[in-house]
Amino acid sequence: DPIEPAAQPSQASPVLPPALKDKTITWAEVDGCVVIASSKAMLDKTIAAFHGGATIASDPAFMPSLNKISGDQSAMILSMRRILDGLRPMLEKTMGKGGPSFDDIEGIFGTGDAAMFMGGKYTGNVASGTWFVPLDYDRIAALVHKGMQTKHPMPDSTMQLH
C-alpha cells in the first residue's frame, strides 16, 4: 500500500497576548548552563553578564529582591507591574462595571517597582526554595470590604475600613 502524506500543518497563527507580541523566546547553553530570554537582545545581555559584564546585582532596582535570595543557586525575578500590564485588557473585560477596578487589583501588589521572586538551592538530598509575592494586606482588606459592601450593604453605624 502506498504511504499517504502526513497532514499539512495548520497555517493559522497562534493568538498571543499583547505582552508577548514582540517577544521571541531564545535560549543558549553557556558553559553547561541553559540561558532562556524573551528576545535575542536580552539573551546577548545575559551571555555578556555571564562572562563578566553588567548584571542585575549592580542595579539598585533589584537590590531588595536580590538581598532576600542570597545563597540560592537559581533565581527568577518578575516585575509585577509588567505582568499586570499584560493582563490589563483581560482583567478589565472580566471585571466589568460595579466590581473592583484594575487600579484596585494593581494596588494589592504594592508599588510600581514591586517584584515577585523565586529562588532555590540544592544541597545533597534536600532541595529548598523561596517564593515571595509582594502584597499590601491593608489594600486587600479594603478590597474585600468594598466587595462585601457591594453585595451586602451594611448600615452606616458599622466600622468602615480606609
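(A) Looking closely at the nonpolar core. Of all hydrophobic cores here, the largest spans 11 residues; its members are M80, L84, L91, M95, F102, I105, I108, F109, A114, M116 and L143. Broken down by secondary-structure element, the contributors of at least two residues to this core are α3 (80–95) and α4 (102–107). At four residues, α3 tops the list of elements feeding residues into this core. Residue contacts for F102: discarding those within four places in its chain leaves L84, R88, L91, E92 and M95. Counting residues in each nonpolar core, the second largest holds five residues, with A28, V35, A37 and L43 among its members.

(B) Inspection of the pairing of strand β5 (residues 126–132) at higher detail. Sheet analysis places strand β4 (residues 115–123) next to β5, joined by seven bridges and oriented antiparallel. Residue pairing in the sheet places T123 in a bridge with V126 of β5. With antiparallel pairing between neighbouring strands as the criterion, β4 and β5 make up a hairpin whose turn holds two residues, including G124 at a positive phi of roughly 65°.

(C) Representation of the side chain of T26 in the model. For T26, the position within the fold is in strand β1 (residues 26–30). A relative accessible area of 15% means that T26 is categorised as buried. There is a polar contact of 3.2 Å between the side chain of T26 and the backbone oxygen of S39. Dropping the residues within four chain positions of it, T26 is found in contact with V35, I36, A37, S39, K40 and L43.

Rules used throughout
- Residues numbered from 1 in each chain as written.
- Predicted model: local features only at pLDDT ≥ 70, side-chain atom pairs only at ≥ 80, totals over all residues.
- Heavy atoms only, no water.
- Core = buried A, V, L, I, M, F, W, Y, C linked by side-chain atoms within 4.5 Å.
- Buried < 20%, exposed > 50% of the residue type's maximum accessible area, 1.4 Å probe, protein only.
- Helix = DSSP H or I, 4+ residues; strand = E, 2+ residues; numbered from the N terminus.
- Contact = heavy atoms within 4.5 Å.
- Pairing = 2+ DSSP bridges.
- Polar contact = N/O pair within 3.5 Å; in protein donor to acceptor, adjacent residues only side chain to side chain.

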